[in-house]
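Listed below are the residues making up each chain.
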Amino acid sequence: MSRGEHHRIHAHDRLQRNRLRVAQEAARLMSEHGIRDFHHAKLKAAERLGILDTQALPRNLEVEQALREHQRLFLADSQPQLLRQRREAAVEAMRFLAAFEPRLVGAVLEGTADAHSAVCLHVYSDDPEAVVLYLREHGVPIETQVRRLRYGRDEQPEYPVLLFAADELPFDLTVLPRDALRQAPLDRADDRPMRRASLVQVEMLLDEDADEAFEQRLGAALR
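Just so we're clear, the structure is a prediction, and the values are computed from it rather than from any experiment. Every residue gets a number counted from 1 within its own chain, in the order that chain's sequence is written. Side-chain atom pairs in this predicted model are given and counted only at pLDDT of 80 or more, local residue features only at pLDDT of at least 70, and totals for whole chains, interfaces and linings cover all residues. As a rule here, side-chain values cover all heavy atoms of the structure and leave hydrogens and water aside.

Just to check I follow, could you spell out the sheet that holds strand β3 (residues 143-148) for this structure?
Adjacent strands of a sheet pair through backbone hydrogen bonds, lying either parallel or antiparallel. Two strands pair under a simple rule: DSSP has to find at least two bridges between them. Helix numbers and strand numbers start at the N terminus; a helix is a DSSP run of H or I with at least 4 residues, a strand a run of E with at least 2. Reading across the sheet, the 5 strands line up as β1-β2-β5-β4-β3 and stay open at both edges, with mixed pairing between neighbours. Because the sheet does not close on itself, it has two edges, and the strands there are β1 (103-105) and β3. Between one strand axis and the next, the sheet turns through 35° on average, direction left out of account. Where β3 meets strand β4 (residues 158-166), 6 bridges bridge the pair, whose relative direction is antiparallel. Residue R148 lies in a different strand from β4, and its bridge partner there is E158. Should any heavy atoms of two residues lie within 4.5 Å, those residues are considered in contact. Fitting a line to C-alpha atoms yields each axis, with helices limited to the stretch in contact; the angle taken between N-to-C directions then spans 0 to 180 degrees. Of the strands in this sheet, β1, β2 (119-124) and β5 (169-176) are in contact with helix α4 (residues 79-96), which crosses β5 at around 45°.

Would you explain the packing of aromatic side chains in this entry?
What describes a pair of aromatic rings is the distance from one ring centre to the other and the angle between the planes of the rings. The criterion for an aromatic pair is that two Phe, Tyr or Trp rings (for Trp, the six-membered ring) have centres within 6.5 Å, with stacked assigned to planes under 30 degrees apart, edge-to-face to planes over 60 apart and tilted to the rest. Per the counting criterion, the structure on display carries 3 aromatic pairs. Ring centres 5.5 Å apart and planes at 70° place the aromatic pair F100 and Y134 in the edge-to-face group. Of this pair, F100 sits in the loop between α4 and β1 while Y134 sits in helix α6 (residues 128-137), and the two are 34 residues apart along the sequence. A centroid spacing of 5.1 Å and a plane angle of 0° characterise the contact between F164 and F171, whose relative ring orientation is stacked. Remark: exposure states derive from per-residue accessible area (1.4 Å probe, protein chains only) relative to the maximum for the residue type, with buried under 20%, exposed over 50%, and partly exposed in between. Given a relative accessible area of 12%, F164 falls into the buried group. Residue classification places F171 among the buried positions, given a relative accessible area of 5%. Put simply, the rings of F96, F100 and Y134 touch in pairs and so form one group of aromatic residues.

Quick look at the structure:
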């Protein structure tokens, strides 16, 4: 092996180690400090580790995988309960918002929700004010923002976002037009169409969670 080839292999190995270190640190920051923006978490992690090479920044999907591993190792006793609590709250909210065909998205659907996670829903109405009026008529105080969602490199429309709390849990509603039901925006983690779940699908998730929890308790009792 030539000296140049040895150097390239060594440099590649160092780069991969740094990518893993940044992904793990970014996952820790997201879990412990509630950072939700992948890019911000990666930059902060690289800064804390003193890694200046931008090539060492992992992909969002690598950070998400590191986050799952962090939760498995350090939050196994608490994270599943926090996730279930938010999925149960999502079901209640989706029933309440049934007229707007809600879909669950984000960490609560993906299974990475923690104490910092909001219940994120997409709701659909050609008149966003109808959703605002519905919430206010039911005594729900809301804050409003806007959010860009990506459908392609050059297609990033803005949509209204409604924020509120219920039973001490934060909710995040993005209001999209009805025809947006046909095409999901791109996921920030892997640039693929975002996973969305209907009420029936979330109820099925809860049933699966309950079955898994029962099997774990049974296994512990039989050990």
